[in-house]
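# Summary of the model geometry
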Amino acid sequence: MKNPFRSAPITFLALAAASFSLASPALAQEEAPAPTPAEILETAPAEHWLPIPVTDLLIFTLPDTADGTKRQAVIQLLPTELSGGHVRNVRKLAATHWWNGAKIYRVAKDFVTQFGGNPDAKTLPKGLETVPESEYFNAALGVKRDTDMAALKAAVDYSNQYQGTEIQPLMKMIYENTGAQTVGFGGGWPIGSQTIDGEAKFYPLTCRGSLSPAHYDPPDAGSGAELSVITGEAARSLDTTFGMVGRVIDGLEHLQNLPLGTDPGGFYADESQYIPISSIRPASELPLAQQPHYEYLASYSPVLLQYIEAHGGYGNICTVPVPIRKVSN
């Protein structure tokens, strides 16, 4: 049976060999430049790029800027089988167009852009769930992470042993200093875990671009009507104390490069500063020809580790986002 992990290293080594053979004798003595992250991704087998279902995508639209620049972001929600009440609420809120005409009222530098029910106090759709704090943790994500990381280790071991590669394991390249005892990727999502009262508890990490439901004092966990887009690593402090429903995979700059709020916490001081939201709606509502299509690099692909290493620096698991690319319809 054909091994699914053979093609990427073989392709890369073949390209490297071809480049070496064309070099002059003088240049041949010099070490070849390291491949760039983009070049690394080009070696990924086609079957390692997995589709993001259009049913998991939301289109977030702000009014055009004064010079006519379009402002639109694409949100990927956690898939149904890996999510709970917060995501179900967000799907319902988007399907009913509840956020259309709502406001962005908080932009805190390198922390969050917050929008939704407060301060509009709009009537919520019927049937929203009351989400318990226990749903900050997610066992299904843990199963997916451990399955994908076991497959990744097997693929890396095979490649290093039989193809002569030197792919570093994940934990040789990253550190974790924000609370999780063990981290890894599952289904394209960064996932952490802690041992609490003797039991492993898993949760999605609030990396840059993540969407987190706002809430007030515990045990209130929020409905999902008020959301914060994470714009800096300081928000990793929200892990296990706030939920996480998805992430911005395209157009994050439109939700990040906004005027900063001047009141404490980055809130806008005056309602005249609020930024209206044109719409947030499911991508599946668009005509078929206009629906966007994206793919992510599988968590079990050794190319993911080569891609992380190619960035040349070491950091925590949020430092280098999982590769996601837009594909033509």
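Conventions and cut-offs
Residues numbered from 1 in each chain as written. Predicted model: local features only at pLDDT ≥ 70, side-chain atom pairs only at ≥ 80, totals over all residues. Heavy atoms only, no water. Salt bridge = Lys/Arg side-chain N within 4 Å of Asp/Glu carboxyl O. Helix = DSSP H or I, 4+ residues; strand = E, 2+ residues; numbered from the N terminus. Buried < 20%, exposed > 50% of the residue type's maximum accessible area, 1.4 Å probe, protein only. Pairing = 2+ DSSP bridges. Phe/Tyr/Trp six-rings, centres within 6.5 Å; stacked < 30°, edge-to-face > 60°. Axes fitted to C-alpha atoms, helices over the stretch in contact; angles between N-to-C directions. Polar contact = N/O pair within 3.5 Å; in protein donor to acceptor, adjacent residues only side chain to side chain. Core = buried A, V, L, I, M, F, W, Y, C linked by side-chain atoms within 4.5 Å. Disulfide = S-S within 2.5 Å. Contact = heavy atoms within 4.5 Å.

Tallied over the full model, the rule gives 10 salt bridges. We note a salt bridge from Arg88 to Glu129, for which the minimum N-O separation is 2.6 Å. Separated by 41 residues along the polypeptide, Arg88 in helix H4 (residues 85-95) and Glu129 in the loop between helix H5 (117-120) and helix H6 (139-162) bring together distant segments of the chain. Judged by relative accessible area, which is 42%, Arg88 ranks as partly exposed.

This brings us to the environment of Asp197. Counting through the fold element by element, Asp197 comes out in the loop between strand S7 (189-196) and strand S8 (199-204). Among the residues examined, Asp197 registers a relative accessible area of 80% and is labelled exposed. Sequence separation between Asp197 and Val131 is 66 residues, and the spatial gap between their C-alpha atoms is 22 Å.

Further remarks concern the pairing of strand S2 (residues 57-62). In summary, the side chains of a regular strand alternate between the two faces of the sheet. Of all six residues in S2, six are buried; the element is thus mostly enclosed. Side-chain alternation along S2 places Leu57, Ile59 and Thr61 on one buried face and Leu58, Phe60 and Leu62 on a second face that is also buried. Judged from the four bridges that link them, S2 and strand S13 (residues 279-282) form a sheet pairing that is antiparallel. For Leu58, the partnering residue across the bridge sits in S13 and is Pro282.

What follows deals with the packing of aromatic side chains. If you walk through the whole model with that rule in mind, you get six aromatic pairs. A ring pair is formed by Tyr105 and Phe267, whose centres lie 6.2 Å apart and whose planes are at 15°; its orientation type is stacked. With Tyr105 in strand S4 (residues 103-108) and Phe267 in the loop between helix H8 (252-256) and strand S12 (275-276), the pair connects residues that are 162 residues apart, well separated along the chain. By relative accessible area, Phe267 is classed as partly exposed at 30%. For the ring pair Phe137 and Tyr203, a centre distance of 6.1 Å and an interplane angle of 75° mean the geometry is edge-to-face. Taken together, the positions of Phe137 in the loop between H5 and H6 and Tyr203 in strand S8 put the pair 66 residues apart, joining distant regions of the chain. Here Phe137 falls in the partly exposed class, since its relative accessible area comes to 23%.

Take the sheet that holds strand S6 (residues 182-186) next. In space, the three strands of this open sheet follow the order S6-S7-S8, with antiparallel pairing throughout. The open sheet has two edge strands with one neighbour each: S6 and S8. In this sheet, neighbouring strand axes are inclined to one another by 30° on average, regardless of whether the strands run parallel or antiparallel. Alignment of S6 against S7, held across five bridges, turns out to be antiparallel. Bridging from a neighbouring strand, Phe185 pairs with Pro190 of S7.

Bringing the pairing of S6 into the picture now. Counted residue by residue, S6 has four buried out of five residues, so it is predominantly covered. Here S6 folds back onto S7 in antiparallel fashion, the turn holding two residues, of which Gly187 has a positive phi close to 60°.

For Ser193, the location among the structural elements is in strand S7. One polar contact links Ser193 to Arg145, side chain to side chain, over a distance of 3.3 Å.

Here the bond from Pro218 into Pro219 is cis, since omega is 10°, no more than 30 degrees from zero. If you trace the backbone, Pro219 turns up in the loop between strand S9 (210-213) and strand S10 (227-230). In this structure, Thr240 takes a positive phi of about 70° despite not being glycine. With respect to the secondary-structure elements, Thr240 resides in the loop between S10 and strand S11 (246-250).

On to the nonpolar core. Grouped together as the largest cluster of nonpolar side chains are 39 residues, with contacts concentrated most on Phe60, Trp99, Ile104, Phe115, Val248 and Ile277. Listed by contribution, the elements that provide at least two residues to this core are S2, strand S3 (71-77), H4, S4, S7, S10 and H8. Per-element accounting of this core gives the leading share, four residues, to H4. Core analysis: the second largest hydrophobic core is formed by 27 residues, Leu41, Trp49, Ile167 and Cys318 among them.

Tallied over the full model, the rule gives one disulfide. Through a disulfide, Cys207 is tied to Cys318; the S-S separation comes to 1.9 Å. Looking down the S-S bond of the Cys207 and Cys318 bridge, the torsion is -65°, so its handedness is left-handed. Highlighted residues: Cys207 in the loop between S8 and S9 and Cys318 in the loop between helix H9 (302-310) and strand S15 (324-327), separated in sequence by 111 residues. Each of the two residues, Cys207 as well as Cys318, counts as buried.

With that settled, the discussion passes to the sheet that holds S10. The strand order across the open sheet built from nine strands is S12-S4-S5-S10-S9-S11-S3-S2-S13, with neighbouring strands paired in antiparallel fashion. Only two strands of the sheet have a single neighbouring strand rather than two, namely S12 and S13. Of the pairings in the sheet, the one linking S4 to S12 comprises two bridges and is antiparallel in character. Counted as the bridge partner of Lys103 is Pro276 from S12. Of the strands in this sheet, S2, S3, S9, S10 and S13 touch H4, which is tilted by about 110° from S13.

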